[in-house]
Amino acid sequence: MGNPKQKWPKEEEEALRKGVAKHGTGKWKDIQRDPEFNKFLFSHSNIDLKDKWRNVTGGGSGQGQITGKNKGPC
């Protein structure tokens with residue numbers, strides 16, 4: 001049933017946050033290929049990045065905003 005879950009080091013999580021800020025959500029391969037972030041994220045697949053971002057933002061689609069704020073009506 002897959003590999004056991006492992007906690008992401010803070011450096012990797014920060015690289016993901018900065019990568020999303022630079023490239024946008026959903027641009028997982030662009031974030032992976034960026035030399036600024038690749039040294040931290042090379043061992044993760046684009047699916048890993050999407051799943052981690054979904055968990056970090058509390059979103060369900062993997063396309064969440066950095067701030068996590070909803071813009072829809074209350």
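Predicted, not measured: the structure shown is a model, and the values here were computed from it.

J.: How do you make sense of the pattern of salt bridges when you look at a structure like this?
T.: Side-chain pairing between opposite charges can occur once the charged atoms of the two side chains come close. Taken as a whole, this structure holds six salt bridges when the rule is applied. Residues Lys50 and Asp51 are paired through a salt bridge, measuring 3.0 Å at the closest nitrogen-oxygen approach. The class of Asp51 is partly exposed, set by a relative accessible area of 24%. Ionic pairing is found between Asp51 and Arg54, a salt bridge with its closest N-O pair at 3.1 Å.

J.: Looking at this structure, I do not really get the packing of helix H1 (residues 10-23) against helix H4 (residues 46-57). What am I missing?
T.: The description of two packed helices rests on the angle between their axes and on the distance between the axes. Between H1 and H4, the least distance of the axes is 11 Å, while the angle of their chain directions is 90 degrees. In terms of orientation, H1 lies roughly perpendicular with respect to H4. Side by side, H1 and H4 meet where Glu13, Leu16, Arg17 and Val20 of the first sit next to Leu49, Lys52, Trp53 and Val56 of the second. Of the residues belonging to the contact of H1 with H4, the class tally is five nonpolar, no polar and three charged.

J.: How should I be thinking about the side chain of Lys52 in this particular structure?
T.: Along the chain, Lys52 turns up in helix H4. Its relative accessible area of 18% is what places Lys52 among the buried residues. For Lys52, the residues in contact, after removing those within four places along its chain, are Trp8, Glu13 and Leu16.

J.: Would you mind showing me how to read H4 here?
T.: The periodicity of an α-helix, 3.6 residues per turn, causes residues three or four positions apart to be oriented the same way. With 12 residues, H4 ought to run about 16 Å at 1.5 Å a step, and its terminal C-alpha atoms sit 17 Å apart, in line with that. Every buried residue belonging to H4 is among Leu49, Lys52 and Trp53, and all of these are buried. Seen along its axis, H4 keeps its buried residues to an arc of 105 degrees; they face one direction. Taken from the residues just after H4, Gly58 is the one with a positive phi, measuring 75 degrees.

Here is what the cut-offs are and how they apply
- Every residue gets a number counted from 1 within its own chain, in the order that chain's sequence is written.
- Predicted model: local features are reported for residues with pLDDT of at least 70 only, side-chain atom pairs are reported and counted for 80 or more only, and whole-chain, interface and lining totals are derived from all residues.
- Based on all heavy atoms of the structure, the side-chain values leave hydrogens and waters out of the count.
- What makes a salt bridge here is a side-chain nitrogen of Lys or Arg within 4 Å of a carboxyl oxygen of Asp or Glu, nothing more.
- Note on classification: 1.4 Å probe, protein chains only; a residue is buried when its accessible area is under 20% of the maximum for its type, exposed when over 50%, partly exposed between these limits.
- All axes here are fitted lines through C-alpha atoms, helices being fitted over the stretch that makes contact, and every angle between N-to-C directions spans 0 to 180 degrees.
- Strands here mean DSSP runs of E at least two residues long; helices mean DSSP runs of H or I at least four residues long; both are numbered from the N terminus.
- An angle below 35 degrees is treated as roughly parallel, one above 145 as roughly antiparallel, one from 65 to 115 as roughly perpendicular, and anything else as oblique.
- Note on contacts: a residue pair qualifies if any of its non-hydrogen atoms lie within 4.5 Å across the two residues.
- Residues were grouped as follows: Ala, Val, Leu, Ile, Met, Phe, Trp, Tyr, Cys and Pro as nonpolar; Asp, Glu, Lys and Arg as charged; and all remaining residues, including Gly, as polar.
- To estimate how far a helix should extend, the number of its residues minus one is multiplied by 1.5 Å.
- Our arc is simply the arc of the directions from the helix axis toward the C-beta atoms.

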